[in-house]
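Chain residues, written in single-letter form:
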Amino acid sequence: MAHSLISLLLLSFLLLFASFPRSQSNQFCDAGIGYRESTCGISPSSSSSKLLIKGGTVVNAHQQEIADVYVEDGVIVAVKPNIKVGDDVTLLDATGKYIMPGGIDPHTHLAMEFMGTETIDDFFSGQAAALAGGTTMHIDFVIPVNGSLVAGFEAYERKAKKSCMDYGFHMAITKWDESVSREMEIMVNEKGINSFKFFMAYKGSLMINDELLLQGLKRCKSLGALAMVHAENGDAVFEGQKRMIELGITGPEGHALSRPAVLEGEATARAIRLARFVNTPLYVVHVMSIDAMEEIAKARKSGQKVIGEPVVSGLVLDDSGLWDPDFITAAKYVMSPPIRESGHDKALQAALSTGVLQLVGTDHCVFNSTQKAFGIDDFRKIPNGVNGIEERMHLVWDTMVESGQISVTDYVRITSTEWIFNLYPRKGAILAGSDADIIIFNPNSSFEIRASSHHSRTDTNVFDGRKGKGKVEVTIAGGRVVWQDDELKVVPGSGKYIEMPPFSYLFNGIDKADAKYLSSLQAPVGRFNSAS
């Protein structure tokens, strides 16, 4: 009874705390249109349609060169040295700095209804935070409505009306019948979606079984769409959760203990083998463990087309925070698959640097302290998710480039260019004809992450207090300067939905492999009926 009283008092305190005014930076995005017109309410026309970025080192995934970049009406017009322009052009000096494509975050959940609540960042606040951190496009996951993909897409169209930067969609598959199969074709051919996600975890809500996964893999293959999996053994996780509760482990540490790395490894291996059986490419989202990474490495070594996506929290954190005696501090680290014990982070970094893993997402899926407190007496009720959309570009640079693990061009590839979703060269490139989504990055500057000054609506930050080298000083989205001098200038409704066509390079050779398989069968065998 005393424990329940303490829990009630803590929850009351959290509700009161959540009502307090927050920092100006956090307040910035609360209204969906910004708090101060001078901070975020500029109109698109008030920003120059002509920009010249001078004197920097232009970095693409394949090369770097000293050049100027001229932008007009949201498109890069020229990339070459010593560009001359008229007086009507806004000049930006990038001397001694890098000019790079804006980041593309392949894994986010904005305005997502989940575990009895909704993520605190919507399509305005989450994107505003992204722009402050140098990310200029993201791909979010549409969740079907009662299994309907069309209804889910329409719901997310409405959610995204307040977007302030470009975005695309993946689609989750949560059930299977002929209507879902037909709607998958509509999504690919009419709605610009080229990837479908299957949850092997979250039993009783989003989880699918192997039969559904096989049907989905086959349909993805026929449509030229990339199959994605959240790889954890949901049945075993369910048993692990019950075991922890029986042991009296109800706090956030129970979350990690209930879903160990072996269950992520098992599901990753199972998904890889089923994809090989169907002969279709596979994308494993948020690879958090050595166990899962090694399964991907083994498959890729054998020639199978498997993409592994680590997320920034898994690359730079360990699970020690989950054991913090303060519930809110510990609960902010709860995500699935969980952040692993020390050692997994370094192994994932090494896998990223050697090409075993291909690109970095965030799984930005944030809930505030009040929402996290739903699970104060039962870790199973803590909404799963952490931040990262604003911090990714800085943390990947500091962790991977400053440490010498990857090159500057590799950095551009893993944060922006990777060709998986058929966005290149419209996105992820500083080339004539590409969209003018650009960052000016100062490798000699530094950053410090603070929950009190970030631009997400959440009141916590799993990277709070972290410092590092390298800073995004200017963000340009759609040809407009939206982040400069630590000031954000964005307007809701200025973002565009970007359609992504099917049949990426991952499908090259699939038909030939199928033909080779069929020719190798030596079947059916013609037999004589001995009875006759």
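Only a predicted model underlies this, so the values are computations on that prediction, with no experimental measurement involved.

Concerning the UniProt feature "modified residue: N6-carboxylysine" (unreviewed entry) in the chain
Point 1. Here, the residues flagged by UniProt with the feature "modified residue: N6-carboxylysine" (unreviewed entry) are K197.
Point 2. Within the secondary structure layout, K197 lies in strand β11 (residues 195-199).
Point 3. For K197, a relative accessible area of 1% corresponds to the buried category.
Point 4. Beyond its immediate sequence surroundings of up to four residues, K197 is in contact with H107, H109, F141, M171, A172, I173, M228, H230 and V285.

A closer look at the UniProt feature "domain: Amidohydrolase-related" (unreviewed entry) in the chain
Point 1. As annotated by UniProt and renumbered to match this structure, "domain: Amidohydrolase-related" (unreviewed entry) occupies residues 98-482.
Point 2. For residues 98-482, helix accounts for 36% and strand for 18%, while the C-alpha atoms at its two ends are 17 Å apart.

Things to note about the sheet that holds strand β9 (residues 135-142)
Strand pairs in the sheet, formed through backbone hydrogen bonds, run parallel or antiparallel to each other.
Point 1. Ordered by their spatial adjacency, 7 strands build an open sheet running β6-β9-β10-β11-β12-β13-β14, and the pairing between neighbours is parallel. A single partner strand is all that each edge strand has here, and the edge strands are β6 (103-108) and β14 (306-308). Strand-to-strand twist across the sheet, computed as the mean angle between neighbouring axes with direction ignored, equals 25°.
Point 2. Looking at chain direction, strand β13 (residues 282-284) and β14 are connected through 3 bridges and run parallel. In the sheet register, L282 faces β14, and the bridge partner there is V306.
Point 3. The sheet strands contacting helix α5 (residues 149-159) are β9, β10 (166-173) and β11, and the helix crosses β10 at an angle near 150°.
Point 4. In the packing of helix α7 (residues 210-223) onto the sheet, the strands contacted are β10, β11, β12 (226-230) and β13, and the crossing angle to β11 comes to about 170°.

Thoughts on the nonpolar core
Point 1. Ranked by size, the top nonpolar core spans 117 residues in total, and within it M100, F196, F198 and Y411 carry the most contacts.
Point 2. If we ignore the near neighbours within four places in the chain, the residues touching M100 are V59, W397, V408, Y411, V412, I430, D437, I438, I439 and F441.

Rules of the game
- Residues numbered from 1 in each chain as written.
- Predicted model: local features only at pLDDT ≥ 70, side-chain atom pairs only at ≥ 80, totals over all residues.
- Heavy atoms only, no water.
- UniProt positions renumbered as here; feature names shortened; annotations may be inferred.
- Helix = DSSP H or I, 4+ residues; strand = E, 2+ residues; numbered from the N terminus.
- Buried < 20%, exposed > 50% of the residue type's maximum accessible area, 1.4 Å probe, protein only.
- Contact = heavy atoms within 4.5 Å.
- Pairing = 2+ DSSP bridges.
- Axes fitted to C-alpha atoms, helices over the stretch in contact; angles between N-to-C directions.
- Core = buried A, V, L, I, M, F, W, Y, C linked by side-chain atoms within 4.5 Å.

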